[in-house]
Amino acid sequence: MKFIVSSSQLLKQLQVLGGVINSSNTLPILDNFLFELNQNELKISASDLETTMSTTIDVESDSEGSVAVSARLLLDTLKTFPNQPLTFKTEENNSLEISSSHGKYDMAYFDGNEFPKAVSIQAPSTTVIPGNVLATAISKTIFAAGNDDLRPVMSGVFFQFSSENLTFVATDAHKLVKYTRTDVTANDAAEFIMPKKPLNLLKGILGTVDNDVTIEYNDSNAKFTFDNVILVCRLIDGKYPNYDAVIPKENPNKLTVDRGTFLNSVKRVSIFSSKTTHQIRLKMAGTELNISAEDIDYSNKAEERLVCDYQGDDMQIGFNSRFLTEMLSNLNSNEVLIEMSLPNRAGILTPIDGIEEGEFITMLVMPVMLNS
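The shown structure was predicted, so the numbers you read here are calculated from the model rather than taken from an experiment.

Quick notes on the rules
- Residues numbered from 1 in each chain as written.
- Predicted model: local features only at pLDDT ≥ 70, side-chain atom pairs only at ≥ 80, totals over all residues.
- Heavy atoms only, no water.
- Phe/Tyr/Trp six-rings, centres within 6.5 Å; stacked < 30°, edge-to-face > 60°.
- Helix = DSSP H or I, 4+ residues; strand = E, 2+ residues; numbered from the N terminus.
- Buried < 20%, exposed > 50% of the residue type's maximum accessible area, 1.4 Å probe, protein only.
- Pairing = 2+ DSSP bridges.
- Axes fitted to C-alpha atoms, helices over the stretch in contact; angles between N-to-C directions.
- Contact = heavy atoms within 4.5 Å.
- Parallel < 35°, antiparallel > 145°, perpendicular 65-115°, else oblique.
- Left-handed = near helix turned anticlockwise from the far one by under 90°.
- Nonpolar A, V, L, I, M, F, W, Y, C, P; charged D, E, K, R; others polar.

A.B. asks: Would you mind showing me how to read the packing of aromatic side chains here?
C.D. replies: Each aromatic ring pair is specified by the distance between its two centres and by the angle formed by the two planes. For the structure on display, the rule yields 14 aromatic pairs. Ring geometry for F81 and Y105: centres 5.6 Å apart, planes at 70°, overall edge-to-face. Placement of F81 in the loop between α2 (71-78) and β6 (85-91) and of Y105 in strand β8 (residues 104-111) is noted, with a sequence separation of 24 residues between them. On the accessibility criterion, F81 (13% relative accessible area) is buried. By relative accessible area, which is 29% here, Y105 ends up partly exposed. Relative to Y240, the ring of F158 lies with its centre 4.6 Å away and its plane at 5°, an arrangement referred to as stacked. Taken together, the residues F158 in strand β10 (residues 156-161) and Y240 in the loop between β16 (229-234) and β17 (253-258) connect sequence positions 82 residues apart. Each member of the pair, F158 as well as Y240, is classed as buried. Grouped by ring-pair contacts, the aromatic residues F159, F161, F168, Y179, F192 and Y217 constitute a single cluster.

Right, dumping it as structure tokens:
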């Protein structure tokens, strides 16, 4: 087989696919990209058995064939080329020759038939989502998903589709994010848990996609198709916890504060907090919010006062500053509303502005016990 392709175009596609490949694979063939040539169309795939991603680019060719080539070697080589046409040609003794304007490079290849095939999804349900909506849904939730191998269902993002809305939820039991779109709906009700790795891959590409993404899914796998990309992944098996049950409904104490000012204040004060608990204390009274932290082991402490709009009983509540910082950083609004009931019940953050019509974000953060 022989084809001519632009070096920069090929590199761009391979860098996207490179994210699929694990640093250590049980099967050596998975360290390779699969090239499947069909006349003027080159399909490139990468897989880790759980996730398979493929993309298609136009090339100059009149031949067909499939080979697997070393991903690391090919990426390292392509990064050094200025943009130019490269000629790929298979030689005897399983060698692939690449010719550039500077010289020739030979690398070994494997038979493409050894490469594992992507799963075909039997009897799928289908939903179509605008690319930018899916990208936002992933980036607003994925940071809240857990890393606990003992609770795999919480290590992904829960997709819940219905004829009224699409909801995306992530939680690690300390923080929870629920992102809902009422302006996009599905024909049939469905729910499944997506692993983090394919979501991070999608998040990386979808930012530049204006088109719709077609999602096909059944009980065990999901397939995302858009532009020239297809991503197939295995879903996380198990039942997602009832997240609605943990969101407190009655929250009489309401704090409205400028998001940017509050975020910077939390970041500054948390530098002085205990390195094990990262605990900061919020004290609300009237129009004043007092943020403080103390690290007793090292005699460090800090305190700041902010102007806020607070309605409710005077109260003190402790939070892990890292969770609070992550949540505030993932909102785009100028002001946030924090609703609370008691110092031992979860606080709820919602943006007051900066959201689109039909977009709803609820963030929940568990308190930490204050040392009086």
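A.B. asks: Sorry if this is basic, but what is going on with the sheet that holds strand β13 (residues 190-195) here?
C.D. replies: The strands making up a sheet associate through hydrogen bonds between their backbones, and the pairing can be parallel or antiparallel. Sheet architecture is open: nine strands sit in the order β13-β10-β11-β12-β25-β24-β23-β17-β21, paired in antiparallel fashion. Every other strand in the sheet has two partners, leaving β13 and β21 (309-311) as the edge strands with one partner each. When strand polarity is set aside, the average angle formed by the axes of neighbouring strands in this sheet is 15°. Pairing of β10 with β13 involves six bridges; the strand directions are antiparallel. Considered in β13, the bridge of Q160 is made with E191. In the packing of helix α5 (residues 259-270) onto the sheet, the strands contacted are β17 and β23 (335-340), and the crossing angle to β17 comes to about 90°.

A.B. asks: Would you mind going over unusual backbone geometry with me for this structure?
C.D. replies: Note on backbone geometry: most residues besides glycine have negative phi, and most peptide bonds are trans. Of note in the backbone geometry, A123 takes a positive phi value of approximately 45° without being a glycine. Mapped onto the elements, A123 comes out in the loop between β8 and β9 (125-130). Accessibility expressed as a relative area gives 73% for A123, which makes it exposed. Of note in this structure, D227 is not a glycine but carries a positive phi near 45°. Mapped onto the secondary structure, D227 falls in the loop between β15 (221-226) and β16.

A.B. asks: I'm lost on the packing of α5 against helix α6 (residues 321-329) in this one. Help?
C.D. replies: Packed helices, taken two at a time, are described by the angle their axes make and the gap between the axes. Two elements in contact, α5 and α6, have axes separated by 10 Å at closest approach and are oriented at 155°. On the basis of the axis angle, α5 is roughly antiparallel to α6. Handedness of the crossing formed by α5 with α6: left-handed. Here R259, F262, L263, V266, K267 and S270 of α5 come into contact with α6, specifically with S321, L324, T325, L328 and S329. A breakdown of the residues in the contact of α5 with α6 according to their chemical character gives five nonpolar, four polar and two charged.

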